[in-house]
Amino acid sequence: MGYNINDKGYYGEFGGAYIPEMLYPNVEELRQNYLKIMAAPSFKEEFDQLLKDYVGRPSPLYFAKRLSDRYNTKVYLKREDLNHTGAHKVNNTIGQILMAQRLGKKRIIAETGAGQHGVATATVCALMGMECIVYMGEIDIARQAPNVARMKMLGAKVVPALSGSRTLKDATNEAIRDWINNPIDTHYIIGSVVGPHPYPDMVARFQAIISEEMQWQLQEKEGRTTPDYVVACVGGGSNAAGAFYHYLENTNVNLIAVEAAGKGIHSGESAATSVLGKEGIIHGSKTLLMQTSDGQITEPYSISAGLDYPGVGPMHAHLYKTGRAEFISITDDEAMTAGLGLSKLEGIIPAIETSHSLAVLDQKTFKPEDIVVINLSGRGDKDLQNYIDYFKL
Ligand SMILES: *Cc1c(COP(=O)(O)O)cnc(C)c1O
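Since this is a predicted model, take the numbers as computed values, not measurements.

Participant: Is there a simple way to think about the overall build of the protein in this case?
Facilitator: Of regular secondary structure, the protein possesses 17 helices and 14 strands. With the C-alpha coordinates of the protein rotated into their principal frame, the extents come out at 55 × 45 × 40 Å. Looking at the protein residue by residue over its 393 residues, the buried ones come to 58%. Counting only contacts in the protein whose residues sit at least 6 apart along the sequence, the fraction spanning at least 24 positions is 73%. As presented, the protein carries roughly 15,600 Å² of accessible surface, and 51% of it is formed by carbon and sulfur atoms. The protein carries 38 positive and 45 negative side-chain charges, and their two centres are separated by 2 Å.

Here is the structure:
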């Protein structure tokens, strides 16, 4: 049994493409072409060039000395926070805009909750001179004004989703509706390892640059390509998928996926999908999601907007179900404390999503000789107001 996707688009029992018939031609066009396009030398060349010159890759693998001393183990930080736009998300949007161009698309749509994926999408659309429409719940537009302003500055049109709870899932519905109505000229950029096959696999492959670099960076620093642990936070699961990717089949490498427990796993205000979720279909794939007994999606909660998602991608559902990855839930308070800790110990202010991964150091004891790589998925600039309010700075 493998941990990667099979040729039918499933990770074990999870994945697939559960989509309305009207969407079938778009998804099928992508499915038939994505691997071919990604394998073309000219695609690889342009992708690598942009990652280098525009995003600023390779992102450093930084040995965090003071953090390591504090926890008596060897901690490395994979610095995705240093990427252009401040997180790992741009690795995927660069890949997908190149994919869209190869497929002859002229128009890009996306949906966003907190706005981070919207900004990463608007950024690459500006870069390529492509039309960009971002659907966003009306409530989220009000909550995330700085990101809305960024998207507008970058030339994107931000369209409010006015139905339902006026948050992410309503924005997703609007984006899907748009795609059905514009099947020929439009590509839908999904922001995590979620959605119908082939999206989870395609996004994982774009993010796999993270563990690809880790291998040679560890070889340089430690004389071996593998760490003992890789730790990453999971919203939909894309930064974790990228950090795990090249280690999935090597069970000597322990994978730790960190979810947001919010105010506590059983508080009713949480986003700990693996613990609380049941099998179901969300965003076109079969996976684990938080739902009521009659199948209604439960509103998730986390202090960090990027982890506030009611499902996980099918890869992670499979990693959970098979026990390949250890899943740990971290509360708001534990995450905030860890975020402040990293700031003071290493001079790095992390995104609150990332602070959840850092909190694992307080939860779990590692051996002094263990090599623990924590994927530092993003920087904390966007979260400053949250940190200010929380710590009364
Ligand atoms: C969006 C985001 C996440 C969560 O998304 P994944 O797809 O699970 O990686 C994590 N960290 C940061 C900094 C983000 O912006």
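Participant: Any chance you could explain the packing of aromatic side chains here in plain terms?
Facilitator: Tallying each qualifying case throughout the model produces 11 aromatic pairs. Taking the centre distance of 5.2 Å and the plane angle of 55° together, the rings of Phe63 and Tyr76 count as tilted. Taken together, the positions of Phe63 in strand β3 (residues 61-63) and Tyr76 in strand β4 (residues 74-79) put the pair 13 residues apart, joining distant regions of the chain. You can call Phe63 partly exposed: its relative accessible area is 32%. Seen from their ring centres, Tyr390 and Phe391 are 4.9 Å apart, and the 80° between their planes marks the pair as edge-to-face. Judged by relative accessible area, which is 29%, Tyr390 ranks as partly exposed. Directly above the aromatic system of Tyr301 lies the positively charged group of Lys263, at a separation of 5.1 Å from the ring centroid. The aromatic ring of Tyr3 is capped on one face by Arg324, whose charged end is 5.8 Å from the ring centroid.

Participant: I would appreciate a short explanation of the environment of Val373 in the present structure.
Facilitator: Looking at where Val373 falls in the secondary structure, it is placed in strand β14 (residues 371-376). Residue Val373 is classed as buried on the basis of its relative accessible area, which comes to 0%. Expressed as a C-alpha distance, the spacing of Val373 and Ile297, which sit 76 residues apart in the sequence, is 33 Å. The contact partners of Val373, leaving out residues within four places of it in the chain, are Leu61, Tyr76, Lys78, Met214, Leu218, Pro227, Tyr229, Val230 and Val231.

Participant: What should I look at first to understand unusual backbone geometry in this one?
Facilitator: A negative phi holds for most residues other than glycine; trans holds for most peptide bonds. Residue Arg57 is joined to Pro58 through a cis peptide bond whose omega torsion reads 0°. Each neighbour pair has its own omega, and for His197 with Pro198 the value is 15°, a cis peptide bond. One non-glycine residue with positive phi stands out, namely Arg166, at about 55°. Checked against the element boundaries, Arg166 lands in the loop between β7 (157-161) and α8 (168-181). Given a relative accessible area of 30%, Arg166 falls into the partly exposed group.

Participant: When you look at the site of the ligand in this model, what are you seeing that I'm missing?
Facilitator: Neighbouring the ligand are 15 residues; Lys89, Ser192, Gly235, Gly237 and Ser238 lie closest to it. One nitrogen or oxygen atom from the side chain of His88 is found 2.9 Å from an oxygen atom belonging to the ligand. Gly237 places a main-chain nitrogen or oxygen 2.7 Å from an oxygen atom of the ligand. Across the shell around the ligand, the residue classes break down as three nonpolar, 10 polar and two charged.

Participant: Help me out: how do you make sense of the pattern of salt bridges in this one?
Facilitator: When the charged atoms of two side chains lie near each other, side chains of opposite charge can form a pair. For the coordinates displayed, the defined rule picks out 24 salt bridges. Here the residues in one salt-bridge network are Arg57, Lys78, Glu80 and Glu213, joined through shared partners.

Participant: Quick question: what am I supposed to make of the nonpolar core here?
Facilitator: For soluble globular proteins, the rule of thumb is that nonpolar side chains tend to be buried together. Grouped together as the largest cluster of nonpolar side chains are 85 residues, with contacts concentrated most on Met99 and Phe244. The leading source of residues in this core is helix α4 (residues 89-102), at six residues. Shared between two domains, this core holds at least three residues of each, these being domain 1 (22-50 + 89-203) and domain 2 (56-87 + 208-391). If we skip the residues at most four places from it in the chain, Met99 touches Leu30, Tyr34, Ile37, Met38, Phe43, Met202 and Phe206. By size, the runner-up hydrophobic cluster in this structure holds 23 residues, among which are Val75, Val258, Ile330 and Leu358.

Participant: I keep staring at the sheet that holds β7 and nothing clicks. Help me out?
Facilitator: Working definition: the strands of a sheet are paired by backbone hydrogen bonds and lie parallel or antiparallel to each other. Pairing is parallel in the open sheet, where four strands are placed in the order β7-β6-β5-β8. Because the sheet does not close on itself, it has two edges, and the strands there are β7 and β8 (186-188). Direction aside, the axes of adjacent strands within the sheet are offset by 25° on average. One ladder, built from five bridges, connects strand β6 (residues 131-137) with β7; its direction is parallel. Bridge pairing links Gly137 to Ala161 in β7. With respect to the sheet, α8 is in contact with β5 (107-112), β6, β7 and β8, its orientation differing from that of β5 by roughly 160°.

Participant: How do you make sense of empty space enclosed by the protein when you look at a structure like this?
Facilitator: A water-sized probe rolled over the atoms picks out the places where empty space is left. Under the definition given, this model contains one cavity of 30 Å³ or more. Of the pockets and cavities examined, the largest cavity occupies roughly 30 Å³. For the largest cavity, the full set of lining residues is Asn26, Glu29, Leu30, Leu103, Lys105, Trp179, Thr186 and His187. Contributing elements (two or more residues each) for the lining of the largest cavity: α1 (24-39) and β8. Here the element with the most residues in the lining of the largest cavity is α1; it accounts for three residues.

Participant: Explain the side chain of Thr167 here, please?
Facilitator: Mapped onto the secondary structure, Thr167 falls in the loop between β7 and α8. Other than its neighbours up to four places away in sequence, Thr167 contacts Gly137, Ile139, Asp140, Arg143 and Glu299.

Each value, and the rule that gives it
Residues numbered from 1 in each chain as written. Predicted model: local features only at pLDDT ≥ 70, side-chain atom pairs only at ≥ 80, totals over all residues. Heavy atoms only, no water. Helix = DSSP H or I, 4+ residues; strand = E, 2+ residues; numbered from the N terminus. Buried < 20%, exposed > 50% of the residue type's maximum accessible area, 1.4 Å probe, protein only. Contact = heavy atoms within 4.5 Å. Areas by Shrake-Rupley, 256 points an atom, 1.4 Å probe, with all protein chains shown as cover. Lys, Arg positive; Asp, Glu negative; His and termini not counted. Charge placed at Lys NZ, Arg CZ, Asp CG, Glu CD. Phe/Tyr/Trp six-rings, centres within 6.5 Å; stacked < 30°, edge-to-face > 60°. Lys NZ or Arg CZ within 6 Å of the ring centre and 35° of its normal. Near = heavy atom within 4 Å. Polar contact = N/O pair within 3.5 Å; in protein donor to acceptor, adjacent residues only side chain to side chain. Nonpolar A, V, L, I, M, F, W, Y, C, P; charged D, E, K, R; others polar. Salt bridge = Lys/Arg side-chain N within 4 Å of Asp/Glu carboxyl O. Core = buried A, V, L, I, M, F, W, Y, C linked by side-chain atoms within 4.5 Å. Domains from an automatic or database assignment. Pairing = 2+ DSSP bridges. Axes fitted to C-alpha atoms, helices over the stretch in contact; angles between N-to-C directions. 1 Å grid on protein atoms, 1.4 Å probe; cavity = no way out; pocket = protein on both sides within 12 Å on 5 of 7 lines; lining within 4 Å. Points joined across faces, edges and corners; volume = space filled by probe spheres on them.

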